[in-house]
Amino acid sequence: MTDKIKVYVRLRPPLTEGPPDVANGYGDVLSYTEHRICPLQGKEADRGKGGYVFQRVFAPEANNEDVFQELKDVTTAGLDGVSGTILAYGQTATGKTHTMKGSETDGGISERVVTQLFDEIARRPDWKYVVEIAYFEIHNEKVYDLLAGNGKELEVRVDSVQGLQFDVARNAEDAKASLLCGEVNRKKGKTDLNEHSSRSHSVLRLQVTGCQGGKKRKAQLHLVDLAGSENAKAAGYQSESTQREGGAINKSLLALTNVIKSLADKQPHVNYRDSKLTRILTTSLGGSARTHIVCCITAAQRYFSETMSTLHFADRARVVFNAVKVNEVDGSLSVAWDTHAQIQAMYFDDLDIAEHREQQHQYSLNTEVANALRFSASQFEKEATLFAELDFIMQQKLENVNKQAQSASKDLSVRTAECAKLQAEMQQLKSKQAEEVEAFEGKMASLTDDSKGKLKEKLDEICALNERIDDADARIKEVTSERDALANESESTVSELSKAKELADEKLQAAKKQLKDVEKQVKEKDKQLKEKDKAIARLEAEVEEHAAYKAQKDDESGKLSEAEAKLRSDAEQLRKTVADQEMKVMFLESTVVPGNKRAAPEEADGPSHEKEPDAPTLVFVKRAKLLKDVTSMTQRLNDKVRELRVAKERRLKSTTFAADESNKENNPGGKQKAPTTPVRSPNPKKRAKRSSPARKSSPTSKISSVLSPAKTPTRKVQA
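Residues numbered from 1 in each chain as written. Predicted model: local features only at pLDDT ≥ 70, side-chain atom pairs only at ≥ 80, totals over all residues. Heavy atoms only, no water.

1. Quick look at the overall build of the chain
Part 1 of the argument: Counting its secondary structure elements, the chain contains 16 helices and 19 strands.
Part 2 of the argument: Buried residues in the chain amount to 37% of all 719 residues.
Part 3 of the argument: A fraction of 74% describes how many contacts in the chain between residues 6 or more apart in sequence connect residues 24 or more apart.
Part 4 of the argument: Per element, the accessible surface of the chain, about 42800 Å² overall, is 52% carbon and sulfur. (Helix = DSSP H or I, 4+ residues; strand = E, 2+ residues; numbered from the N terminus. Buried < 20%, exposed > 50% of the residue type's maximum accessible area, 1.4 Å probe, protein only. Contact = heavy atoms within 4.5 Å. Areas by Shrake-Rupley, 256 points an atom, 1.4 Å probe, with all protein chains shown as cover.)

2. Quick notes on the sheet that holds strand β3 (residues 30–32)
Part 1 of the argument: The strand order across the open sheet built from 3 strands is β3-β4-β5, with neighbouring strands paired in antiparallel fashion. Each of the sheet's edge strands pairs with one partner strand only, and the pair in question is β3 and β5 (52–53).
Part 2 of the argument: In the sheet, strand β4 (residues 36–39) pairs with β5 via 2 bridges, with the strands oriented antiparallel. Within β5, the position partnered with isoleucine 37 by the bridge is tyrosine 52. (Pairing = 2+ DSSP bridges.)

3. Details of the pairing of strand β7 (residues 84–90)
Part 1 of the argument: Within β7, 7 of the 7 residues are buried, which leaves the element mostly enclosed by the surrounding structure.
Part 2 of the argument: Of the two faces of β7, the one lined by Gly84, Ile86, Ala88 and Gly90 and the one lined by Thr85, Leu87 and Tyr89 are each fully buried.
Part 3 of the argument: Bridge count for β7 against strand β17 (residues 215–225) is 5 bridges, and the pairing is parallel. By the bridge assignment for β17, threonine 85 is matched with histidine 222.

4. Side note on the state of the cysteines
Part 1 of the argument: Using the criterion set out here, one finds 0 disulfides in the structure.
Part 2 of the argument: Here cysteine 295 stays unpaired: no disulfide links it, and the sulfur of cysteine 296, its closest cysteine neighbor, is 7.6 Å away.
Part 3 of the argument: Since its relative accessible area comes to 1%, cysteine 295 is described here as buried.
Part 4 of the argument: With relative accessibility at 1%, the residue cysteine 296 sits in the buried group. (Disulfide = S-S within 2.5 Å.)

5. Digging into the pairing of strand β8 (residues 128–139)
Part 1 of the argument: Taken across its 12 residues, β8 has 11 buried, putting it largely inside the fold.
Part 2 of the argument: For β8 and strand β13 (residues 167–169), the ladder comprises 3 bridges, and the chain directions are antiparallel. When the bridges of β13 are listed, valine 131 appears paired with alanine 169.
Part 3 of the argument: Summarising the sheet, β8 and strand β9 (residues 142–145) pair through 4 bridges and their orientation is antiparallel. Each residue of the ladder has a partner; that of isoleucine 138, found in β9, is valine 143.
Part 4 of the argument: In sequence, β8 turns back onto β9 through a hairpin of 2 residues, with asparagine 140 there showing a positive phi of about 55°.

6. What to know about the pattern of salt bridges
Pairing between side chains becomes possible if they bear opposite charge and their charged atoms approach one another.
Part 1 of the argument: In total, this model carries 19 salt bridges according to the counting rule given.
Part 2 of the argument: Here aspartate 174 and arginine 170 are joined by a salt bridge, their closest N and O atoms 3.5 Å apart.
Part 3 of the argument: Residue classification places aspartate 174 among the buried positions, given a relative accessible area of 7%.
Part 4 of the argument: Note that arginine 318 and aspartate 315 form a salt bridge whose closest N and O atoms lie 2.9 Å from each other.
Part 5 of the argument: Look at arginine 318 and you get partly exposed, because its relative accessible area is 30%.
Part 6 of the argument: One continuous salt-bridge network, built from bridges that share partners, spans Asp3, Lys6, Asp73 and Arg290. (Salt bridge = Lys/Arg side-chain N within 4 Å of Asp/Glu carboxyl O.)

7. With respect to the packing of helix α7 (residues 240–264) against helix α9 (residues 304–317)
Part 1 of the argument: Interhelical geometry of α7 versus α9 gives an angle of 40° and a closest axis separation of 9 Å. When the axis of α7 is compared with that of α9, the two are oblique. When you trace α7 past α9, the crossing you get is left-handed. Packed against α7, whose contacting residues are Leu256, Thr257, Ile260, Lys261 and Ala264, the element α9 presents Phe313, Arg316 and Ala317 at the interface.
Part 2 of the argument: Class assignment of the residues belonging to the contact of α7 with α9 gives a composition of 5 nonpolar, 1 polar and 2 charged. (Axes fitted to C-alpha atoms, helices over the stretch in contact; angles between N-to-C directions. Parallel < 35°, antiparallel > 145°, perpendicular 65-115°, else oblique. Left-handed = near helix turned anticlockwise from the far one by under 90°. Nonpolar A, V, L, I, M, F, W, Y, C, P; charged D, E, K, R; others polar.)

8. Here's the deal with the side chain of aspartate 145
Part 1 of the argument: Among the secondary structure elements, aspartate 145 is positioned in strand β9.
Part 2 of the argument: In this structure, aspartate 145 is buried with no salt-bridge partner, the nearest side chain bearing the opposite charge being lysine 152 at 10.0 Å.
Part 3 of the argument: Not counting residues up to four positions away in its chain, the partners in contact with aspartate 145 are Tyr135, Phe136, Lys152, Leu154, Gly163, Leu164 and Gln165. (Lys, Arg positive; Asp, Glu negative; His and termini not counted.)

9. Things to note about the environment of leucine 253
Part 1 of the argument: Secondary-structure assignment places leucine 253 in helix α7.
Part 2 of the argument: Placed 26 residues apart in sequence, leucine 253 and alanine 227 show a C-alpha to C-alpha distance of 8.7 Å.
Part 3 of the argument: Setting aside anything within four residues of it in sequence, one finds leucine 253 in contact with Tyr89, His201, Leu226, Ala227, Gly228 and Ser229.

10. Observations concerning helix α4 (residues 109–122)
Part 1 of the argument: A rise of 1.5 Å per residue sets the reference length of α4, with its 14 residues, at 20 Å; its end C-alpha atoms lie 20 Å apart and thus fit the reference within 8%.
Part 2 of the argument: Among all positions in α4, only Ile109, Ser110, Val113, Val114, Gln116, Leu117, Phe118, Glu120 and Ile121 are buried. (Expected span 1.5 Å × (residues − 1).)

11. Observations regarding the packing of aromatic side chains
Part 1 of the argument: As enumerated under the stated definition, the model contains 4 aromatic pairs in all.
Part 2 of the argument: With centroids separated by 5.9 Å and ring planes inclined at 20°, the aromatic side chains of tryptophan 127 and tyrosine 129 adopt a geometry described as stacked. Of the two residues examined, tryptophan 127 and tyrosine 129, each falls in the buried class.
Part 3 of the argument: In this structure, lysine 187 packs its charged tip against the face of tyrosine 144, placed 5.1 Å from the ring centre. (Phe/Tyr/Trp six-rings, centres within 6.5 Å; stacked < 30°, edge-to-face > 60°. Lys NZ or Arg CZ within 6 Å of the ring centre and 35° of its normal.)

12. A look at unusual backbone geometry
Part 1 of the argument: The phi dihedral of asparagine 140 falls on the positive side, at around 55°, and the residue is not glycine.
Part 2 of the argument: For asparagine 140, the position within the fold is in the loop between β8 and β9.
Part 3 of the argument: By relative accessible area, which is 23% here, asparagine 140 ends up partly exposed.

13. Brief notes about helix α1 (residues 64–71)
Part 1 of the argument: Buried within α1 we find Asn64, Val67, Phe68 and Leu71. When α1 is viewed along its axis, its buried side chains cluster within an angular range of 100° and face the same direction. (Arc of directions from axis to C-beta.)

14. Observations concerning the nonpolar core
Part 1 of the argument: The biggest cluster of nonpolar side chains holds 48 residues, and the ones touching the most others in it are Ile37, Phe54, Tyr89 and Leu311.
Part 2 of the argument: For this core, the secondary-structure elements that each account for two or more residues are β2 (6–12), β7, β8, α7, α8 (276–280), β18 (290–298) and α9.
Part 3 of the argument: Of the residues forming this core, the biggest block, 7 residues, is contributed by α7.
Part 4 of the argument: If we ignore the near neighbours within four places in the chain, the residues touching tyrosine 89 are Lys96, Leu226, Leu253, Leu256, Thr257, Ile293, Val294, Cys295, Cys296, Thr310 and Phe313.
Part 5 of the argument: Ala88, Met100, Ala169 and Val294 belong to the second-largest nonpolar core, a separate cluster that totals 35 residues. (Core = buried A, V, L, I, M, F, W, Y, C linked by side-chain atoms within 4.5 Å.)

15. Looking at the side chain of threonine 85
Part 1 of the argument: Note that threonine 85 resides in strand β7.
Part 2 of the argument: Owing to a relative accessible area of 0%, threonine 85 belongs among the buried residues under this scheme.
Part 3 of the argument: Looking at threonine 85, its side chain comes within polar contact range of the side chain of serine 284, at 2.4 Å.
Part 4 of the argument: Threonine 85 has contacts with Val74, His222, Val224, Ser284, Arg290, Thr291 and His292, leaving out every residue within four places of it along the chain. (Polar contact = N/O pair within 3.5 Å; in protein donor to acceptor, adjacent residues only side chain to side chain.)

Okay, here's the thing in C-alpha cells:
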C-alpha cells in the first residue's frame, strides 16, 4: 500500500518580544487559505495564483490541538502495526519545539500522542500491548541517550541505534515522566534569534508491541523535533562551540533536503549515509512508515528567503511516496515479546493490591522527583542565563561605574559561583536518584517480604532527597532575591547612565547643528570673498590697461603737438614766403610801364636770333610757378593733417570697444557700465565744435584760405 508523505504548513504568530515583526512588514509577503499558500513578492510571485498546495495550512491563531487533529491517525496506525513519523521542520525560532513539546497551557504533539496511545489501548481490551520509550538526540553528528544521561556516544548501524535504554511505560504518566527526564538532558543554547534554541535533533521513539491470540504486531512511532536551520550572521554566534553546532545542524538538514529531492525526482540511488539523521529515518523517508511533516514558517519580511527555502522543501516532500505495510512479528522476535509480556504481567497481575499501591506511589514519587529535577534544572538554567546577561551588561555599559557598582559585580560573581555549586549538587542528586530508581526497578522483579523494608528505606531516602531539594529551592530563592536586588540596583544605575547619555547626545546634536550653520556661513563668506577677489583682479587689470592707454595717449598727444607745432612753423614760413613773393610781384608790376619797351643791348651790334619775353610775361610765369609750389605744399599739409585725424579716430574707437568688453566681463547678465573714456563722434568737424566751440581756425585752414587759388588776388597784366 503506497501513501504520500502528508505535509502541513504552520505560520508562527508575530513575536511579542524581541524585534517587532509587525513593524517590519509581517504578513505582507504571503497570502494563504486553508490548503494553499502564495508568495507576494520576488521571483516566487511568478508562480501565479496557484502558489503551493499542501494538506493543510494552519493560520497563526491555530493551537496545538488543531494541529494534532490532523496527525492523530499516526497513533491509531501504530497500534495496528504500522510505523509512523511526525517530523517538525523549519527555520530556527519558527515554533517547531513549541509544536512538538508544547507549553503549560497548550500541550505539544508528543504529550497528545502518548495520551491518545494509552486511551486507544484502553479501548482494545482483547489486545495486550507493551509500550517502551526511548529518547535520544543527535548533537554534532553524535547520538546520545537522553534517558541514560551518561553522555556516552551511541553507535548507529543501518537504521537502528545500538545500546539505547528503553523504559517500559504502564500509562501516560510514566511516558510523560520519561519525556521530562530526557528533556532535562537535551542540549540547548542562546542565539540572537532564539533565547532557548535547540542545539540538537531530538527523536522520541515509542515502540509498541501488541498480541491477540496468535497475532503479534510491532510498530515504532518517531516524534522528531529538528533543530532549525540558521544563518551564522543573523544567529550571532557568541562562541566557537555554538558556531560548530550550527554548522553540524545545517549539514544534517542539507543531507535531509538532498534525500527528499532524490526521492521526489525518483532517482535510482538515494544517499542516506551522508548524515546519521537520514540513516535513522530511512523507514520514514521512502520506506514502510506513514510520515507527516509539519513545516513551520514565519510571514516576517526579514525572514522571507528562509521561508521560501522551507516552502521549497515542503513542496518536494509532498510528492514522495512511502510503501506502508503492517509489521507482523515473526518467531525470532516472539521470545523478546514474551519477556515484555512477563514484565507486563508482573506489573499488573502478580502483584497484590498493597504492593501495587506501593509501586504506584513509587512511580508517582519518581514523577515528582523528575518534575522537581526538571524545575530545578530550568531554574538553574534561567539563573545562569540571567547572570550571563547581567555580566554582559556590566562589562559593556558599566565600565565607569563607582566602587559600589564594582562591589556589586563581585557579589554577583560570588552568587553565580554559589548557583553553579548548587547546580553541581543537584546534578549529583539527579544521577544518584537515577541510579537508585534503576536499582529499585531491577529488584522489583524479585520482590519479597524482606525487600519491603528496603523499599521503605528507599522511600525514606527519597523523602530525604526531597527535603534536600526543598532546601536547595529555598537557597535558590534567596540567591534569586539577592540577584534581583543587585539587578534593580544595576538597572537604576543603567537608567541614570542612559539619561546622561541622552542629554549628552542632545547637546552633541545641537552643537553639530550649530557647527553646520557656521560652516555654511563660512562657505558663503568664502564664496563672496572669492567673487570680490575676482572683481578686484578685473579692476586692477582695467587700471593697468587704462594706465597703459593713458601713457600711450599722452605719447601720441605729444607727438601730435610736435607735429602741429611743426606744421604751424612750416605754415608761418610759407606765409612769409608768399608775402615776400607778393611784395616782389607788386614791385615788379609797379615798375613796368604799359607800352614801353626796353631796349635790347644787342641792337647796336646786330640782330638777335631769340626774342626775350617781356616783363609782364616773366612776372606771370614766376607767379604761376610760385602758386603751383604753394598749392602742392598746401596739399601735402592737408594730407598729413587728414592722416593724423584718421589715426586719432581709430585710437578712440579701439579704446571704446575695450571699455565695452571690460563692462561685459564685470557685469555678466547685468546692466552695462558706462565707458571710462567718453565716446567721441567719428565726424572731426562736430567733435571739434563740441570740444572747443570758441576755438579759432587752425593754421592749416589759414594757409588753405590764404593759398587757395580761388581766393588768390589776380590782376590782369597788359602785354
